[in-house]
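Report on the structure
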Amino acid sequence: GGVASGATTYAITLTSPLSLFPSVLLQVMFPLSSQLAARKKYLVTLSKLIKYYIKYVLLVALPLSAILLIFSRQIVLLYSRPEYLESTKLFPILVISSVIYVIGSIFYQCLYTLGKPKIYRNVMVFSGILFLLLSIPLTFIFSSFGMVFSYLIFTMCYSTLSFLNMKKFVKILLPVSGILK
């Protein structure tokens, strides 16, 4: 009903700051990666840019994720009414989805930079269709959990497809160790 719909809206709105810093960083990186495309060692430099993007995104996103999860009840009460406390149950799925999405975004954006617009388009079209096909029945069956679970599946598909396609063209160095370095 209306409360479930409102709870989903609040949960999405209140977890959206997780993607703010990475989105700004990605917008800054796009012109840089486009300018680098003309250079000989472009792929090596792009690989390093991706590594640093992921490192700094995780450096900001992980503590912010923890804050959103630990203080979810207080955050919801600060911005809404007690009847929307149900939305805190959606925070874990949305936080995970947001982190996956912002990391996948660098791979997705670089597909375009590499001059692969068809792959770029196909990743989003496939992921978007998958989301639409899943969100309608899952939302009908599981209400707000169905919607956010559909979004989680979308972000996993979008990020995985972007990563796997990028990996065909660029050696991707993930900052597995040394995030805090």
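Overview of the structure. (Residues numbered from 1 in each chain as written. Predicted model: local features only at pLDDT ≥ 70, side-chain atom pairs only at ≥ 80, totals over all residues. Heavy atoms only, no water.)

1. Focus on the layout of surface pockets
Any empty space left between the atoms is revealed when a probe the size of a water molecule rolls over them. For the largest pocket, the calculated volume is near 160 Å³. Ile12, Thr15, Ser16, Ser19, Leu94, Ser98, Tyr101, Met147, Val148 and Tyr151 together form the lining of the largest pocket. Contributing elements (two or more residues each) for the lining of the largest pocket: helix 1 (2–15), helix 5 (91–113) and helix 7 (144–167). Each residue belonging to the lining of the largest pocket can be placed in one class, and the counts come to six nonpolar, four polar and no charged. (1 Å grid on protein atoms, 1.4 Å probe; cavity = no way out; pocket = protein on both sides within 12 Å on 5 of 7 lines; lining within 4 Å. Points joined across faces, edges and corners; volume = space filled by probe spheres on them. Helix = DSSP H or I, 4+ residues; strand = E, 2+ residues; numbered from the N terminus. Nonpolar A, V, L, I, M, F, W, Y, C, P; charged D, E, K, R; others polar.)

2. Looking at empty space enclosed by the protein
Counted according to the given criterion, the structure contains one cavity of 30 Å³ or more. Taken as a whole, the largest cavity spans an internal volume of roughly 30 Å³. Every residue along the wall of the largest cavity is listed here: Leu26, Met29, Phe30, Ser33, Ile106, Gln109, Cys110 and Thr113. Only helix 2 (20–36) and helix 5 provide two or more residues apiece to the lining of the largest cavity. Each residue belonging to the lining of the largest cavity can be placed in one class, and the counts come to five nonpolar, three polar and no charged.

3. Some words on helix 5
Relative to the 33 Å expected for 23 residues at 1.5 Å per residue, helix 5 spans 33 Å between its end C-alpha atoms, a close match to the ideal helical length. The largest bend in helix 5 amounts to roughly 25° and is located at Ser105. The element helix 5 is largely enclosed, with a buried count of 18 among its 23 residues. Just beyond helix 5, the residue with positive phi is Gly115, at close to 80°. (Expected span 1.5 Å × (residues − 1). Bend = angle between axes of the 7 residues up to and from the residue. Buried < 20%, exposed > 50% of the residue type's maximum accessible area, 1.4 Å probe, protein only.)

Structural measurements only, silent on function.
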